[in-house]
Amino acid sequence: MAAIEIDTDHRLAAVTRRVEDSDREGPYKAVVASERYASPVDDVWDAVTDADRLARWFLPVTGELRLGGTYQLEGNAGGEVLECDPGARFLVTWVYDDNVSWVEVTLTADGDGTRMRLVHTCHADNPFWDQYGPGAVGVGWESGMIGLALHLATGETVDPEAFQTWSTDAEGRRFGIASAANWGAAEVAGGEDPDVARRRADEVASFYTTPPPEEPAG
């Protein structure tokens, strides 16, 4: 298994983060992550909507990836494709442990590259949001965006074991802690009380502060 080389500081700087009130009726928050990729729009669209390519950088997925179809990510969320503008935008439900939220991905041309904007709309009136805030989904999406960037840059499959090794080593933990803090700052910029946002960011960061247990000898 070859090690994955990831420039942690570059990855942290590559993503723009926002936390906004959602236009959905009710107490919802929009967690917004945006990044520019050097690849053209059609290549990025294929990478984020084709089942074979999704498995090469994100997770294996089953179902019908079309308007009105349903999907299931291996060991993760599933849902329904609610809206789709091929080559430009899709909106899906995101159902995990009976909790329903929404994920919208929009692609626009940016010079000879592509700007991807991902919006995860979460219910803000529940204990999970109160404890963890936007970093709970934001850090995870940033991790996924690393996989997408690696795949687009090389066209190769991202080795899941190598990526997991990076995620749990010192640099991967540093990335998670810094990303959590950045999402806390984005929440403050979106109008949240700084003490509340800092507490939530610290809760997310705590996941990354403890090194993984060592493998037993023998």
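The structure under discussion appears in the preceding block.
Below: a short report on this structure. These numbers come from a predicted model, not from an experiment. (Residues numbered from 1 in each chain as written. Predicted model: local features only at pLDDT ≥ 70, side-chain atom pairs only at ≥ 80, totals over all residues. Heavy atoms only, no water.)

Topic: the sheet that holds strand 4 (residues 70-73)
Piece 1. Strand order in the open sheet made by the eight strands is 1-2-8-7-6-5-4-3, with antiparallel pairing throughout. Looking at the sheet topology across the chains shown, the edges are occupied by strand 1 (16-21) and strand 3 (61-63). The sheet shows a mean angle of 25 degrees between the axes of neighbouring strands, direction not considered.
Piece 2. Pairing geometry for strand 5 (residues 78-85) and strand 6 (residues 89-96), over five bridges, is antiparallel. Across the sheet, the residue bridging to Asp-85 is Arg-89, located in strand 6.
Piece 3. Together, strand 2 (28-37), strand 5, strand 6, strand 7 (99-110) and strand 8 (113-123) form the strand contacts of helix 2 (residues 41-49), whose direction differs from that of strand 7 by roughly 160 degrees.
Piece 4. Lying over the sheet, helix 5 (residues 135-154) contacts strand 1, strand 2, strand 6, strand 7 and strand 8, oriented at roughly 20 degrees with respect to strand 2. (Pairing = 2+ DSSP bridges. Helix = DSSP H or I, 4+ residues; strand = E, 2+ residues; numbered from the N terminus. Axes fitted to C-alpha atoms, helices over the stretch in contact; angles between N-to-C directions. Contact = heavy atoms within 4.5 Å.)

As for the pattern of salt bridges
Piece 1. What the rule picks out here adds up to 19 salt bridges.
Piece 2. The salt bridge involving Arg-53 is made with Asp-46; its shortest N-O contact spans 3.0 Å.
Piece 3. Given a relative accessible area of 12%, Arg-53 falls into the buried group.
Piece 4. One salt bridge connects Glu-104 with Arg-89, and the closest N-O pair in it is separated by 2.5 Å. Separated by 15 residues along the polypeptide, Glu-104 in strand 7 and Arg-89 in strand 6 bring together distant segments of the chain.
Piece 5. With relative accessibility at 23%, the residue Arg-89 sits in the partly exposed group. (Salt bridge = Lys/Arg side-chain N within 4 Å of Asp/Glu carboxyl O. Buried < 20%, exposed > 50% of the residue type's maximum accessible area, 1.4 Å probe, protein only.)

Side note on unusual backbone geometry
Piece 1. Its identity is not glycine, yet Asp-97 carries a phi of approximately 50 degrees, on the positive side.
Piece 2. Within the fold, Asp-97 resides in the loop between strand 6 and strand 7.
Piece 3. Residue classification places Asp-97 among the exposed positions, given a relative accessible area of 62%.
Piece 4. Of note in the backbone geometry, Asp-98 takes a positive phi value of approximately 70 degrees without being a glycine.
Piece 5. Topologically, Asp-98 is positioned in the loop between strand 6 and strand 7.

Details of the environment of Val-95
Piece 1. The residue Val-95 is located in strand 6 in this model.
Piece 2. For Val-95, a relative accessible area of 33% translates into the label partly exposed.
Piece 3. With 73 residues separating them in the primary sequence, Val-95 and Ser-22 have C-alpha atoms 18 Å apart.
Piece 4. With residues up to four places along the chain from it excluded, the contact list for Val-95 reads Ala-77, Gly-78, Gly-79 and Val-100.

Topic: the nonpolar core
Piece 1. Membership of the largest hydrophobic core comes to 48 residues, with the highest contact counts inside it found for Tyr-37, Met-116 and Leu-148.
Piece 2. Broken down by element, the residue count for this core peaks at eight residues, all from helix 5.
Piece 3. The residues contacting Tyr-37, other than those within four sequence positions of it, are Val-44, Gly-113, Thr-114, Met-116, Met-145, Leu-148, Ala-149 and Leu-152. (Core = buried A, V, L, I, M, F, W, Y, C linked by side-chain atoms within 4.5 Å.)

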